[in-house]
Amino acid sequence: MPGLGTSFGRGGATTFQQDLQNSDCIVIMGSNMAECHPVGYQWVMEARERGARVIHIDPRYTRTSATATDYVRIRAGSDIAFLGGIINYILENGREFRDYVVHYTNAPVIVDEGFQDTEELDGFFSGWQDAKSNYDNTTWQYAGMSVQGSAGQREMGANQGEAAGHGGHGASLNHGEPPEEDPTLEHPRCVFQLLRRHYARYTPEFVEQICGVPRDRFRMVAKALCDNSGRERTSAFCYAVGWTQHTVGVQYIRAAAIVQLLLGNIGRPGGGILALRGHASIQGSTDIPTLYNILPGYIPMPHAHAHDDLGQFIEMNSAASGFWRNMGAYTVSMLKAWWGAHATAENDFCFDYLPRITGDHSIYQTVLAMLDGAVKGMIVVGENPAVGSANSGLHRKAMAKLDWLVVRDLVEIETAAFWYDSPEVRRGELRTEDIGTEVFFLPASAHTEKDGSFTNTQRLLQWHHRAVEPEGDCRSELWFYYHLGRIIREKLEGSEDERDRPVLELQWHYPTSGEAEEPSADAVLREINGTGPDGGALSAYLELKDDGSTACGCWIYCGCYADEVNQPARRKPASEQTWVAPEWGWAWPANRRIIYNRASADPDGKPWSERKRYVWWDEKEGQWTGEDVPDFQPDKRPDYVPPDGARAQDAIKGNHPFIMQADGRGWLFVPSGIVDGPLPTHYEPHESPFTNRLYDQRGNPARQIFERPGNHTQPTDGEPGSDRFPFVMTSYRLTEHHTAGGMSRFVPYLSELQPEMFCEVSPELAAERSLVNGGWATVATERAAIEARVLVTDRMRPLRVDGRLVHQVGLPYHWGSRGLARGGSANDLFPIVLDPNVHIQEVKAATCDIRPGRSPRGAVS
Amino acid sequence: MTIGRSVRELISAWPVLHQRDGDRGALGSAARSERSRTLRPRTAEPDRVVRSVCPYCAVGCGQRVYVQEGKVTQIEGDPDSPISRGRLCPKGAASRGYVTSPLREYRVKYRRPFGTDWEELALDQAMDMIADRIIAARKDTWEDKDSEGRTLHRSMGVANLGGATLDNEENYTIKKLMTALGFPQVENQARI
């Protein structure tokens with residue numbers, strides 16, 4: 001989320017799927033939308049039918065390519081070079097949307113004179129600390145600003161980006177305005193000129209060399225985007241995990257954000273960046289996070305080294321201006337929702353009840369700690385890491401080191417069966433009788449057997465109603481955690497141990513119904529929404545207070561139970577509403593469907609054009625109005641200038657649409673909140689057949705590498721042994737299967753449609769390696785070897801990169817040893833190597849070998 | 001063939017006559033039989049139709065769940081949805097197969113340490129045993145302060161994984177309970 005969060009202020013898609021129909025040009029990159037989000041893709045087809053350009057840029061030719069107006073083949077892992085090329089094209093040809101850029105982005109802002117670019121330091125920005133392998137971002141700040149916090153605290157931010165999930169709320173400005181600006185965009189240290197210099201070498205020829213895209217094809221894309229942006233026209237970007245699952249994943253998103261800000265495409269109909277998420281509520285599980293580094297609503301988890309008390313925590317995490325100024329109200333209201341009457345001003349509202357983090361505690365760190373025996377037990381719910389995690393073999397071995405494991409799912413997935421049915425057990429590396437892990441498998445309820453809400457890819461909460469009772473021991477996760485908490489509290493009752501107070505004093509009373517005593521999801525949603533001093537449901541997060549008089553489980557969801565109505569359950573038929581359909585479900589924040597939509601009007605509040613009108617200032621009524629809920633204070637005039645001493649949202653000018661940012665602008669350059677650089681830079685993937693044409697520094701210097709047995713890195717270009725793994729591999733999904741297969745390989749129809757693991761190779765690679773269509777191949781890396789059926793297809797073609805021909809191998813990653821359709825797990829092949837911001841694995845680009853025939857038993861490293 | 005039907009009816013049902021009279025491809029009335037005439041879709045007479053959302057990807061297609069005698073008999077796209085307009089992809093269309101899969105598990109299964117087989121276990125007992133293990137692991141691995149005396153108030157001995165396939169209300173209770181117990185290692189699929 002930091003890619004979108006730091007650029008615009010919120011870690012969510014800026015637009016909604018139906019709005020794609022208004023686009024004049026849609027670029028789909030890092031996504032095979034037609035096959036992975038087929039029903040959402042109908043809106044892309046609507047746009048195409050209306051004459052829009054649809055450009056698909058991908059290593060593989062897929063159904064998305066087939067239905068696009070243009071397809072561009074690219075080398076996996078080189079997208080920043082391509083997007084940087086577009087930035088260069090825009091700037092060198094003067095194609096930026098000048099009025100938008102000057103008023104709505106930080107292009108005019110002058111950056112600290114100590115800042116040095118990668119172009120000056122051979123692949124590093126200023127502030128690199130070799131001993132710590134991270135950046136001190138002091139020199140990335142706006143010029144003339146007092147630097148926040150002590151050196152130690154800054155180091156914390158640079159280390160983890162823990163507080164970065166939702167944007168730059170750390171930046172502190174005097175009533176919203178940066179101290180030094182140059183609206184002519186000519187000052188050598190203004191962001192606009194920094195961008196120009198940073199991307200000066202990303203020419204069409206450079207793109208051709210790095211990406212394997214002929215320069216004319218590249219120019220075609222750049223021109224189409226520019227021609228379809230501006231006052232009269234808008235372009236959109238769609239991406240998925242093809243962009244995020246890289247060691248520079250967050251910077252991929254940042255690069256698209258820069259393109260869209262320069263072209264003036266954010267906050268406008270037919271524009272935006274649509275993040276296509278792969279799970280029903282992956283957005284929801286980040287907003288209300290089952291993540292270690294944040295609390296609900298992107299409030300950071302407190303850090304042991306930085307946050308001693310609530311006051312300090314709020315001070316460090318709120319900005320002087322913008323909506324993050326109200327961090328105190330959001331945090332205190334959450335603490336009140338959790339600890340009720342126990343949370344008082346005198347005891348810092350139980351702030352000390354929150355456990356402290358001390359670094360990266362993401363799942364991959366946990367897995368390595370499990371291997372070292374430091375973790376006793378694990379609960380896995382609705383996830384299948386034995387197939388879905390990078391280097392999944394290591395994950396399976398780690399589970400064998402646990403004392404106990406709880407797995408909750410509808411079927412007995414690989415994660416539950418690792419102790420008797422896994423490649424390791426079959427090869428004799430692990431013996432069932434030697435594995436001491438106690439395993440509990442608890443059957444779970446399906447979505448048809450429980451009430452609850454999912455948050456979809458466009459930040460929209462939709463309620464699903466229980467249709468039938470679950471059978472046997474099947475229960476919802478809500479049931480499991482509620483009753484688990486109840487039992488633990490009963491067992492600990494009477495404890496005088498200080499450590500037990502947080503759980504004993506927790507507000508943990510939800511009404512239950514039925515024989516199974518199923519808790520009420522509706523009551524939980526109401527708690528998430530929040531209540532006021534009179535106990536009634538709140539309607540908006542502006543009502544939240546920091547004095548303990550309001551309680552709210554997740555401030556960005558405040559309003560989802562407004563008027564005591566379950567808003568996500570609203571289902572007014574589309575045919576009875578406008579195309580925006582505001583009465584279908586409920587979108588955060590405040591039911592807005594396109595966010596930052598104040599940017600759909602010019603600085604004076606008028607639509608940029610009749611064709612692209614969406615939200616505008618109504619002078620007669622003295623308020624913002626339009627198709628959507630305005631993402632702006634409703635009565636703030638376009639010419640509003642904050643008075644001295646203004647704070648929070650009142651410190652944001654009337655012509656600055658990015659109201660979560662301390663300066664109200666979209667950030668082309670990110671001074672804080674991203675740990676591996678203020679501007680995206682092309683680095684090679686961790687494993688790549690190529691050196692970096694730009695710098696001696698090959699990969700992202702801040703990426704997380706874990707060199708240890710079972711997770712070795714392969715030799716790369718030029719190193720001895722690099723010829724053993726000469727091909728690029730990339731993993732992907734099929735229409736008929738879902739992620740690690742737990743919800744699809746156990747379903748008869750779907751298993752019949754895609755019955756076994758295969759790999760996609762070009763006719764040229766097939767000839768080179770004697771691979772036969774329909775025959776077997778073994779794909780090998782330092783981590784593992786897996787078998788796959790061979791699909792020889794023209795959809796894969798070798799690319800000419802840096803004067804050499806490179807072959808790419810495509811690997812769907814759905815299979816495992818269980819279910820109706822079985823096969824090798826692609827994720828066994830990949831190393832654990834991570835993006836430093838969000839700790840996501842790089843499984844969209846690595847190197848491999850491929851040989852004809854089945855793998856010899858037991859010969860796997 | 002029904003006894004007592006008149007010869008006239010029999011002749012009029014003769015496919016070749018229908019083909020002669022316009023159904024040349026024999027895909028219409030010529031192909032009808034008594035059996036096909038009396039077939040009814042599974043969705044024809046449900047006890048109730050319940051509004052739902054597809055559980056697979058994050059497009060968020062509307063679903064209508066058809067229920068008869070306490071069982072899910074069919075799942076269809078919801079034409080009222082402004083996002084999906086009644087459509088479902090192959091996965092969404094196979095959702096009935098997902099919720100009624102022949103491989104679904106309905107009972108708790110237990111594998112004791114070093115055991116070679118699953119064993120039966122009552123749900124209540126499983127819950128009790130899991131609660132005991134959490135309390136014990138928490139006690140054994142509790143960290144009040146770090147070496148420099150700073151508050152940690154946590155245990156790194158228990159981890160929780162999963163959430164992107166679950167409901168918001170479920171993620172909320174997971175995070176709330178695990179945090180109150182002092183377990184920071186709560187994670188899901190969403191590393192984005």
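Conventions we followed
- Residues numbered from 1 in each chain as written.
- Chains lettered and ligands numbered in written order.
- Predicted model: local features only at pLDDT ≥ 70, side-chain atom pairs only at ≥ 80, totals over all residues.
- Helix = DSSP H or I, 4+ residues; strand = E, 2+ residues; numbered from the N terminus.
- Rg over C-alpha atoms; globule rule 2.2 N^0.38 Å.
- Buried ≥ 20, exposed ≤ 12 C-beta atoms within 10 Å, placed from the backbone.
- Contact = placed C-beta atoms within 7 Å.
- Pairing = 2+ DSSP bridges.
- Expected span 1.5 Å × (residues − 1).
- Axes fitted to C-alpha atoms, helices over the stretch in contact; angles between N-to-C directions.
- Domains from an automatic or database assignment.
- Parallel < 35°, antiparallel > 145°, perpendicular 65-115°, else oblique.
- Left-handed = near helix turned anticlockwise from the far one by under 90°.
- Nonpolar A, V, L, I, M, F, W, Y, C, P; charged D, E, K, R; others polar.
- pLDDT = per-residue confidence, 0-100.
- Core = buried A, V, L, I, M, F, W, Y, C linked by C-beta atoms within 7 Å.
- Arc of directions from axis to C-beta.

Thoughts on the overall build of chain B
- What chain B contains, in helices and strands, is seven helices and nine strands.
- Taking 192 residues into account, the globule formula puts the C-alpha radius of gyration at 16 Å, and chain B, at 29 Å, lies well above it.
- Its C-alpha atoms give chain B principal-axis dimensions of about 100 × 40 × 30 Å.
- Each of the 192 residues in chain B was classed as buried or not, and the buried ones make up 44%.
- By sequence separation, contacts in chain B at least 24 residues apart represent 31% of the contacts at least 6 residues apart.

Considering the overall build of chain A
- Check the secondary structure of chain A and you find 25 helices and 29 strands.
- The C-alpha atoms of chain A give 26 Å as radius of gyration, which agrees with the globular expectation for 861 residues (29 Å, within 12%).
- Expressed as a percentage of the 861 residues in chain A, the buried residues total 64%.
- Contacts spanning at least 24 positions in sequence make up 73% of the contacts within chain A whose residues lie at least 6 apart.

Thoughts on the interface of chain B and chain A
- Counting residues at the interface gives 100 residues for chain B and 132 residues for chain A.
- Broken down by element, the residue count for the side of chain B that touches chain A peaks at 13 residues, all from helix 7 (residues 168-181) of chain B.
- As paired elements, strand 10 (residues 377-381) of chain A and strand 8 (residues 158-161) of chain B share four bridges and run parallel to each other. Looking across to strand 8 of chain B, one finds that G377 of chain A is bridged to V158 of chain B.

Side note on helix 21 (residues 477-492) of chain A
- End to end, helix 21 of chain A covers 22 Å across 16 residues, agreeing with the expected 22 Å (1.5 Å per residue, within 8%).
- G494 of chain A occupies a position one or two residues after helix 21 of chain A and carries a positive phi of about 90°.

What about the sheet that holds strand 1 (residues 25-29) of chain A?
All names here are of chain A.
- If you walk across this open sheet you meet the five strands as 3-2-1-6-7, and the pairing is parallel. This sheet does not close on itself; its edge strands, each paired only once, are strand 3 (70-73) and strand 7 (273-275). Strand-to-strand twist across the sheet, computed as the mean angle between neighbouring axes with direction ignored, equals 15°.
- Judged from the five bridges that link them, strand 1 and strand 2 (residues 53-58) form a sheet pairing that is parallel. Note that in strand 2 the partner of V27 across the bridge is I55.

Points about unusual backbone geometry
Residue and element names in this part refer to chain A.
- Residue P589 follows W588 across a cis peptide bond; omega there is -5°.
- For P589, the location among the structural elements is in the loop between strand 17 (586-587) and strand 18 (615-618).
- Positive phi, close to 65°, is recorded for L185, a residue that is not glycine.
- Assignment of secondary structure puts L185 in the loop between helix 7 (151-160) and helix 8 (191-198).
- Positive phi, normally seen in glycine, also occurs at E517, with a value near 55°.

Things to note about the domain arrangement of chain B
- Domains assigned within chain B are domain 1 (7-38), domain 2 (48-99) and domain 3 (141-192).
- Measuring from the centre of the C-alpha atoms in domain 1 of chain B to the corresponding centre in domain 3 of chain B gives 67 Å.

Some words on the sheet that holds strand 4 (residues 109-111) of chain B
- Across the sheet, seven strands lie side by side as 5(B)-4(B)-12(A)-11(A)-10(A)-8(B)-9(B); this open sheet has mixed pairing. Here the strands that pair on one side only, and so sit at the sheet edges, are strand 5 (119-120) and strand 9 (186-187) of chain B.
- In this sheet, strand 9 of chain B lies alongside strand 8 of chain B in parallel orientation, the contact comprising two bridges. The residue of strand 9 of chain B that forms the bridge with N160 of chain B is V186 of chain B.

What to know about the packing of helix 5 (residues 79-92) of chain A against helix 10 (residues 215-227) of chain A
Residue and element names in this part refer to chain A.
- Packing of helix 5 against helix 10 leaves a shortest axis separation of 10 Å and a crossing angle of 60°. Comparing the axis directions of helix 5 and helix 10 gives the class oblique. At the point where helix 5 passes helix 10, the crossing takes the right-handed sense. Contacts between helix 5 and helix 10 involve G85, I86, Y89 and I90 on the former and, on the latter, F218, A222, L225 and C226.
- Classifying every residue of the contact of helix 5 with helix 10 by side-chain character gives seven nonpolar, one polar and no charged.

Examining the environment of G535 of chain A
All names here are of chain A.
- Along the chain, G535 turns up in the loop between helix 23 (521-529) and strand 17.
- Accessibility expressed as a C-beta count within 10 Å gives 7 for G535, which makes it exposed.
- Here the alpha-carbon distance between G535 and H464, two residues 71 residues apart in the chain, equals 26 Å.

Observations regarding the confidence of the model for chain A
- This prediction gives chain A a mean pLDDT of 94; 96% of its residues lie at or above 70.
- Under a pLDDT of 50 for its full length, residues 147-170 of chain A has, in the predicted model, 82 contacts with residues more than four places off or in other chains.

Here's the deal with the domain arrangement of chain A
All names here are of chain A.
- Its domain assignment divides chain A into domain 1 (1-146 + 166-278 + 593-681) and domain 2 (704-852).
- A C-alpha centroid distance of 32 Å is found between domain 1 and domain 2.
- Of the residues lining the interface, 28 residues belong to domain 1; the matching set on domain 2 comes to 30 residues.
- Sorting the residues of the side of domain 1 that touches domain 2 by element identifies helix 2 (33-36), helix 9 (204-211), helix 11 (241-244) and helix 12 (249-262) as the ones contributing at least two each.
- Classifying every residue of the side of domain 1 that touches domain 2 gives 11 nonpolar, 12 polar and five charged.

Some remarks on the confidence of the model for chain B
- A residue-level look at chain B finds 97% of positions with pLDDT of 70 or above and a mean pLDDT of 94.
- Model confidence for the complex is summarised by a pTM of 0.95, with the ipTM given as 0.96.

Observations concerning the nonpolar core
- I26, I87, V191, V761, V779 and C848 of chain A are the most contacted members of the largest nonpolar core, which totals 305 residues.
- A per-element tally of this core places helix 12 of chain A first, with 10 residues.

Side note on the environment of L262 of chain A
Residues and elements named next belong to chain A.
- Positionally, L262 belongs in helix 12.
- Residues L262 and G230 lie 32 residues apart in sequence; the distance between their C-alpha atoms is 9.8 Å.
- Filtering out sequence-adjacent residues up to four positions away, L262 remains in contact with I87, I90, E96 and V101.

Examining the pairing of strand 2 of chain A
Residue and element names in this part refer to chain A.
- Burial within strand 2 is extensive, with six of its six residues counted as buried.
- Neither face of strand 2 is exposed, since R53, I55 and I57 on one face and V54, H56 and D58 on the opposite face are all buried.
- In the sheet, strand 2 pairs with strand 3 via four bridges, with the strands oriented parallel. Bridge pairing in strand 3 links I55 to D70.

Examining the pairing of strand 24 (residues 785-792) of chain A
Residues and elements named next belong to chain A.
- Two strands pair when backbone bridges link them, and strand 22 (residues 758-761) and strand 24 are joined in this way by four bridges, in the parallel orientation. Directly across from F758, in strand 24, lies its bridge partner R789.
- Of the pairings in the sheet, the one linking strand 23 (residues 776-780) to strand 24 comprises five bridges and is antiparallel in character. Bridging across to strand 24, A777 finds its partner in A788.
- Once strand 23 ends, the chain turns through four residues before running back antiparallel as strand 24.

A closer look at helix 6 (residues 123-140) of chain B
All names here are of chain B.
- For helix 6, built from 18 residues, the straight-helix expectation of 26 Å at 1.5 Å per residue is met to within 8% by its first-to-last C-alpha distance of 26 Å.
- Restricting attention to buried positions, one finds in helix 6 the residues M127, I130, A131, I134, A137 and R138. Relative to the axis of helix 6, the buried residues are bounded by an arc of 135° and lie together on one face. Those residues of helix 6 that are exposed and angled more than 90 degrees off the buried face are Q125 and D140.

A closer look at the packing of helix 9 of chain A against helix 10 of chain A
Residue and element names in this part refer to chain A.
- Put simply, helix 9 and helix 10 touch, their axes get as near as 8 Å, and they point 115° apart. Considering only the axes of helix 9 and helix 10, their crossing is right-handed. Taking contact as the criterion, the partners of P204, E205, V207 and E208 in helix 9 are, on helix 10, R215, F218 and R219.
- Broken down by class, the residue content of the contact of helix 9 with helix 10 amounts to three nonpolar, no polar and four charged.

Overview of the environment of V332 of chain A
All names here are of chain A.
- Within the secondary structure, V332 sits in helix 15 (residues 327-339).
- Given 27 C-beta atoms within a 10 Å radius, V332 is considered buried.
- Taking the C-alpha atoms as reference, V332 lies 28 Å from R593; in sequence the two are 261 residues apart.
- Look past the residues within four positions of V332 in its chain and what remains in contact with it is F349, D546 and G548.

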